[in-house]
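Here's the letter readout for the chains.
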Amino acid sequence: MKHIFLSLIALLATLSMVSCQQEDWESNVGYLRIEVGTNAYVDTKAIPENYNPQQIAVQIVNSKGEVVESTDDWETLKGTQLRLAPGQYTVNASSNGFDGSESGFDVPYYAGSQQITVETGKEVTANITCTLANVKVTVNYDDSFQKFASATTTVSSALEGVAALDFVMGSELKPGYFPVGDLTVTVNVTNQAGEQHSQSTSIADVKARKHYILNFKVADAGSIEKPTISINGEEIIFTFTFDVSTEASTQLEVQPANAWSNFAYLEGGVLSSEGELDPAAMRFEYKTADAEEWQTCSATYESESQKYTATLTELTPATEYNYRLVYEKDGNAYASDIVTFITETATTLHNGNMDTWTQSGNTWYPGSSEEAGNTTCFWNTSNPGTSQGMGAIGGAVNPTQGVSSPVHTPDGKAAELKSTQKMSVFAAASLYTGSFLGLDGMSANMEFGKPFTSRPSTLHGFYKYTPGVIDKLDRTPEGISITQGETMDQCAIFIALATKSFQFNNKNEEQYIDYANDPAIIAYGELPSGIATSGDNYVEFNIPLIYRDLITKPTHIIIVCSASKYGDYMTGSTSSVMYIDDLELIYGQPTTAQE
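Residues numbered from 1 in each chain as written. Predicted model: local features only at pLDDT ≥ 70, side-chain atom pairs only at ≥ 80, totals over all residues. Heavy atoms only, no water.

A. Seen up close, the packing of aromatic side chains. Applying the stated rule across the entire model yields 24 aromatic pairs. Measuring from ring centre to ring centre gives 5.0 Å for Trp260 and Tyr547, while their planes differ by 65°; the resulting arrangement is edge-to-face. Of this pair, Trp260 sits in the loop between strand 20 (258–259) and strand 21 (264–272) while Tyr547 is found in strand 44 (residues 546–547), placing the two residues 287 residues apart along the sequence. Residue classification places Trp260 among the buried positions, given a relative accessible area of 0%. Here the aromatic residues Tyr432, Phe448, Phe504, Tyr512 and Tyr569 are joined through ring pairs into a cluster of three or more. The lysine or arginine in question, Arg324, covers the ring of Trp294, its NZ or CZ lying 4.1 Å from the ring centre. Against the face of Trp260 rests Arg455, its NZ or CZ located 3.9 Å from the ring centre. (Phe/Tyr/Trp six-rings, centres within 6.5 Å; stacked < 30°, edge-to-face > 60°. Helix = DSSP H or I, 4+ residues; strand = E, 2+ residues; numbered from the N terminus. Buried < 20%, exposed > 50% of the residue type's maximum accessible area, 1.4 Å probe, protein only. Lys NZ or Arg CZ within 6 Å of the ring centre and 35° of its normal.)

B. Broad picture of the side chain of Asp581. Structurally, Asp581 can be placed in strand 46 (residues 577–586). Of the side chains with opposite charge, Lys413 comes closest to the buried, unpaired Asp581, at an N-O distance of 11 Å. The residues touching Asp581, leaving out its near neighbours within four places in the chain, are Asn353, Met354, Val407, His408, Thr409, Lys413, Ala414, Gly461, Phe462 and Tyr538. (Lys, Arg positive; Asp, Glu negative; His and termini not counted. Salt bridge = Lys/Arg side-chain N within 4 Å of Asp/Glu carboxyl O. Contact = heavy atoms within 4.5 Å.)

C. A look at the layout of surface pockets. Taken as a whole, the largest pocket encloses approximately 1,200 Å³ of empty space. Of all the secondary structure elements, the ones that give two or more residues to the lining of the largest pocket are helix 2 (384–387), strand 35 (425–427), strand 36 (430–440), strand 37 (443–448), strand 40 (492–498), strand 42 (521–526) and strand 45 (556–562). Classifying every residue of the lining of the largest pocket by side-chain character gives 31 nonpolar, 14 polar and five charged. (1 Å grid on protein atoms, 1.4 Å probe; cavity = no way out; pocket = protein on both sides within 12 Å on 5 of 7 lines; lining within 4 Å. Points joined across faces, edges and corners; volume = space filled by probe spheres on them. Nonpolar A, V, L, I, M, F, W, Y, C, P; charged D, E, K, R; others polar.)

D. Spotlight on the pattern of salt bridges. For the coordinates displayed, the defined rule picks out 11 salt bridges. A salt bridge links Glu344 to Lys553, with the shortest nitrogen-to-oxygen separation between them at 3.6 Å. Here Lys553 lies in the loop between strand 44 and strand 45 and Glu344 lies in the loop between strand 28 (339–342) and strand 29 (358–360), a separation of 209 residues in the sequence. Residue classification places Lys553 among the partly exposed residues on the basis of a relative accessible area of 43%. In the salt-bridge network here, residues are joined through shared partners; they are Arg283, Glu285, Arg324 and Glu328.

E. How the structure looks around the environment of Ser529. Mapped onto the secondary structure, Ser529 falls in the loop between strand 42 and strand 43 (539–544). For Ser529, a relative accessible area of 30% corresponds to the partly exposed category. Along the primary structure Ser529 and Ala492 are separated by 37 residues, whereas in three dimensions their C-alpha atoms are 8.0 Å apart. Engagement of the side chain of Ser529 in a polar contact is seen with the backbone nitrogen of Ile531, the distance being 3.4 Å. (Polar contact = N/O pair within 3.5 Å; in protein donor to acceptor, adjacent residues only side chain to side chain.)

F. Region of interest: the pairing of strand 37. Across the six residues of strand 37, five count as buried, placing the element largely inside the fold. As paired elements, strand 36 and strand 37 share six bridges and run antiparallel to each other. In the strand pairing of strand 37, Leu439 is matched with Ala444. Relative to strand 41 (residues 502–505), strand 37 is paired through four bridges, and the arrangement is antiparallel. Opposite Met446, over in strand 41, you have Phe504 as the bridge partner. (Pairing = 2+ DSSP bridges.)

G. Structural detail: the nonpolar core. By size, the foremost hydrophobic cluster in this structure holds 35 residues, and its most contacted members are Leu417, Leu459, Tyr463, Ile493, Met578 and Ile580. At the level of secondary structure, the elements contributing two or more residues to this core comprise strand 33 (414–418), strand 39 (458–466), strand 40, strand 42, strand 43, strand 45 and strand 46. When residues in this core are grouped by element, the largest group, four residues, is from strand 46. Ile580 has contacts with Met354, Ala414, Ala415, Leu417, Phe462, Tyr463, Ile493, Tyr538 and Cys561, leaving out every residue within four places of it along the chain. Residues Val139, Tyr141, Phe145 and Phe167 belong to the second largest nonpolar core, which totals 25 residues. (Core = buried A, V, L, I, M, F, W, Y, C linked by side-chain atoms within 4.5 Å.)

Below is the structure:
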């Protein structure tokens, strides 16, 4: 390991008294003498012009963060004394002209720091060790790799804006340097027949001062291995074995799996073949990452796309799996590279049982005291609009509250949604995932959607609904006919998965979410009927999510329950009451728009 050592010796001189004034002034300062020495060799071969990692810049920073002395080259301070006031200082030393934030060949970056305290009449010594502050990567190609027509290893950083570096077989392989961040190693080879193959591996938990050595060799016939890793001091050696013929051969490939919480879609194909392969002899193999034995899954051949597909079921959420495509017939055996995937977490619905409610001021919130009234609250209601600010004139009203009866689960609570009016303005009772953003006159600014990245198949729950005759009619959606005093109110329950949240004002119809056509909505489902429930008990419901996109993952979940379906149009009944209890998300294979 290469180090640069800086010895900083603070020499505090006692000066002879010339006068009382002179003595008081001199006794309140110290003298810092900087002597820098190196005791390690740094390879300067092919160092880029104008950059020399051995040229060490020094900064002396006081306790206020002020730079009291600095130099681009510590050698300029040799033999000099720096006068400093007593106090605490930080001495920073680093390679001059480069901060290590970019990648490059032959650009090591060294840095070190230490705090010192200067006291009147005392001597202090600070020793700084400058060590490698970025990450060193070297690539070696085994002699067996020389049989390939070409090979290039690309090392890329997970950090934004950091350029990838290519290590080309046959060229001078200089060491590359990266800022600290996870790395991805991708090697691309072309055999003598012009066939191309690629393999990628991620290197996580990358640390400064580490030397990552990547060794590539051709594997023994029939072997399928992950990179082996060995650690020797500050060096971490990755040995990659390639099960790829250097000549023309049969090669299989698989695509990254589309993994959901408890199932995954697999896809593979034939990259090259020396002869005709029997689709019936092709299969997928899979296992958890820590298992030794492979399990088998039949592969379906799609002649039009010439792809093999399968759906793995009964998987465990949040679990790492490996899979590959395998062919075996008449003594011929081939296997693709192994691809790793992690199943999604089957995220539960926060406070879905509706048991937690908190009153803050005059407003009831469906959540804990920590959530109540702030943007972290997962669930929200229309309550702030009728219990706060202008909405509280004439007395606070909470259309949506937690109640202990009637409930679906004994000893728990349920959400009670009672539509009402405030100052002659209709106030539909609602419960939704999102945020209440405040009143705008007599209308409300709202945001639908809370962060959520899982992909459930169904919203399951229980509800009880007693509608009233619509006695408040302001506006209606296009194509909907309502007669005030005659038409019965309806309730609404729907769920959507989206790639963003939506902000709108409930008086501005142009801002309403177009759940049927907005490209940010990847799945949607709603209660098929909003009429009254039968009997006195809760009614169970299942709302399947209809997926329009099976690839894109959501970033937000929207669930909306309302005792008055057209409440956002200020239309409904002031006597409609709905109860919601025990909401949960079910995870299974999705329903698509084509089904």
